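Chain by chain, the residues run as shown.
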Amino acid sequence: MFTYTVPAVAESSLEINNFQPSKLYERKSIWPDWRLPSSIKRPGLKDDLIYPDWFEGVWDVTSEIESDQNQEPIIHSAKFIHNTSGDLIADREYNTKSYALRTKTGGFLSVKNDPKSPNRQFAQLTEDRYLETKIIGRLQEKIDNNIFITDELILQILHTPEFSRVSQVETLTEFKKCGSIQNNKINMSDFNICGEQFQAIYNQPGQNLISLPIKTEKSKLILRKTNDD
């Protein structure tokens with residue numbers, strides 16, 4: 001749901017720290033040749049994705065699909081807030097609404113989180129359709145204070161008056177701090193967040209022991225802190 005084109009500042013940090021490839025770096029390296037099941041773990045009912053503190057606040061997000069030169073970038077808002085436990089999480093309802101309103105397809109009318117779990121969400125669509133999403137797998141890794149990687153597997157159920165269609169969507173995103181450009185110079189004291197996002201869509205569970213993607217997509221993301229003035 002995000003896109004980034006600003007110079008990254010941590011490109012050599014893995015080499016400097018002699019970092020050994022993580023599970024998510026290994027997963028990223030073989031995209032688009034993904035298979036299910038993968039090594040991501042099923043979250044508990046109340047478990048949420050916890051972000052580093054440098055995500056806090058409201059951001060203007062630009063998301064651009066790399067392979068689609070004819071599609072305009074999607075620009076929306078994203079908010080990261082502290083939950084009752086003090087952990088920094090995404091405001092999923094706010095973020096989904098903002099993204100849906102900026103897209104020209106999908107027909108979103110409203111979005112609601114499941115009050116019992118941060119891992120379920122319901123969206124009302126046009127033409128008497130409903131979209132139910134449930135996060136069924138998650139893994140996150142904070143490499144250092146500049147790099148954060150997430151991988152989530154989502155079960156999507158599209159309900160229509162005629163039928164229900166089930167699919168699985170895996171989204172891996174690597175976020176990095178990157179400098180904002182001011183007067184043609186990179187300013188690291190007022191950083192942006194840059195990212196690469198890799199996505200694969202699979203058929204519904206249970207059809208095969210090992211599922212192959214039926215569609216893959218890669219996006220570039222950039223998050224710029226929203227100006228409060």
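One structure accompanies this document, and this report is about it. Here the structure is a predicted model, which means the values were calculated and not measured.

## A closer look at the overall build of the protein chain
Thought 1: Broken down by element type, the protein chain carries 3 helices and 10 strands.
Thought 2: Ordered by position in the sequence, the α and β elements of the protein chain form the string α-α-β-β-β-α-β-β-β-β-β-β-β.
Thought 3: Residues classed as buried in the protein chain amount to 45% of the 229 residues present.
Thought 4: In the protein chain, 60% of the contacts between residues at least 6 apart in sequence involve partners at least 24 apart.

## Comments concerning the state of the cysteines
Thought 1: Taken as a whole and judged by the stated rule, the model has 1 disulfide.
Thought 2: Covalently, cysteine 178 is tied to cysteine 194 through a disulfide, its sulfur atoms 1.9 Å apart. When the S-S torsion is 85°, as for the bridge of cysteine 178 with cysteine 194, the disulfide is right-handed. Linking cysteine 178 in strand β8 (residues 164–182) with cysteine 194 in strand β9 (residues 185–203), this pair joins segments that are 16 residues apart in sequence.
Thought 3: Judged by relative accessible area, cysteine 178 falls into the buried class, the value being 0%.
Thought 4: Residue cysteine 194 is classed as buried on the basis of its relative accessible area of 6%.

## With respect to unusual backbone geometry
With the exception of glycine, most residues fall at negative phi, and the peptide bonds are largely trans.
Thought 1: Omega for the bond connecting tryptophan 31 with proline 32 falls within 30 degrees of zero, at 10°, which places this linkage in the cis form.
Thought 2: Relative to the assigned elements, proline 32 resides in the loop between α2 (23–29) and β1 (57–65).
Thought 3: With a phi angle near 60°, glutamate 127 is a residue other than glycine that sits in the positive phi range.
Thought 4: Note that glutamate 127 resides in the loop between β5 (120–125) and β6 (129–142).

## Concerning the environment of arginine 138
Thought 1: Turning to its location among the elements, arginine 138 is positioned in strand β6.
Thought 2: Leaving out residues up to four positions away in the same chain, arginine 138 has contacts with Ile40, Lys41, Pro43, Asp47, Asp48, Leu49, Arg92, Asn119, Asp151 and Glu152.
Thought 3: Only 3.5 Å separates the side chain of arginine 138 from the backbone oxygen of aspartate 47, close enough to count as a polar contact.

## Focus: the nonpolar core
Thought 1: The biggest cluster of nonpolar side chains holds 18 residues, and the ones touching the most others in it are Trp34, Ile149 and Leu172.
Thought 2: When residues of this core are traced back to their parent elements, those giving at least two are α2, β6, β7 (147–159) and β9.
Thought 3: Residue contributions to this core peak at 5 residues, all from β7.
Thought 4: Filtering out sequence-adjacent residues up to four positions away, leucine 172 remains in contact with Leu24, Arg27, Lys28, Trp34, Ile149, Thr150, Asp151, Glu196, Gln197 and Phe198.
Thought 5: Residues Leu49, Tyr51, Trp54 and Phe175 belong to the second largest nonpolar core, which totals 15 residues.

## Brief notes about the side chain of threonine 171
Thought 1: Within the element layout of this structure, threonine 171 appears in strand β8.
Thought 2: Within the local environment of threonine 171, its side chain forms a polar contact with the side chain of glutamine 199, the two groups lying 3.0 Å apart.
Thought 3: Apart from the residues lying within four places of it in its own chain, the contact partners of threonine 171 are Thr150, Asp151, Glu152, Gln197, Phe198 and Gln199.

## Points about helix α3 (residues 92–102)
Thought 1: Buried residues of α3: Arg92, Glu93, Asn95, Thr96, Ser98 and Ala100, and no others.
Thought 2: Looking at the buried positions of α3, the neighbouring elements they touch are β2 (74–82), β3 (88–90), β4 (108–113), β5, β6 and β7.

## Quick word on the packing of aromatic side chains
Thought 1: Within this structure, the stated rule accounts for 10 aromatic pairs.
Thought 2: Measuring from ring centre to ring centre gives 4.8 Å for tyrosine 51 and phenylalanine 80, while their planes differ by 65°; the resulting arrangement is edge-to-face. Of this pair, tyrosine 51 sits in the loop between α2 and β1 while phenylalanine 80 sits in strand β2, and the two are 29 residues apart along the sequence. Neither tyrosine 51 nor phenylalanine 80 differs from the other in exposure class; each is buried.
Thought 3: An aromatic cluster of three or more residues is present, and its members are Tyr51, Trp54, Phe55, Trp59, Phe80, Phe148, Phe175 and Phe191.

What counts, and where the lines are drawn
- Residues numbered from 1 in each chain as written.
- Predicted model: local features only at pLDDT ≥ 70, side-chain atom pairs only at ≥ 80, totals over all residues.
- Heavy atoms only, no water.
- Helix = DSSP H or I, 4+ residues; strand = E, 2+ residues; numbered from the N terminus.
- Buried < 20%, exposed > 50% of the residue type's maximum accessible area, 1.4 Å probe, protein only.
- Contact = heavy atoms within 4.5 Å.
- Disulfide = S-S within 2.5 Å.
- Polar contact = N/O pair within 3.5 Å; in protein donor to acceptor, adjacent residues only side chain to side chain.
- Core = buried A, V, L, I, M, F, W, Y, C linked by side-chain atoms within 4.5 Å.
- Phe/Tyr/Trp six-rings, centres within 6.5 Å; stacked < 30°, edge-to-face > 60°.

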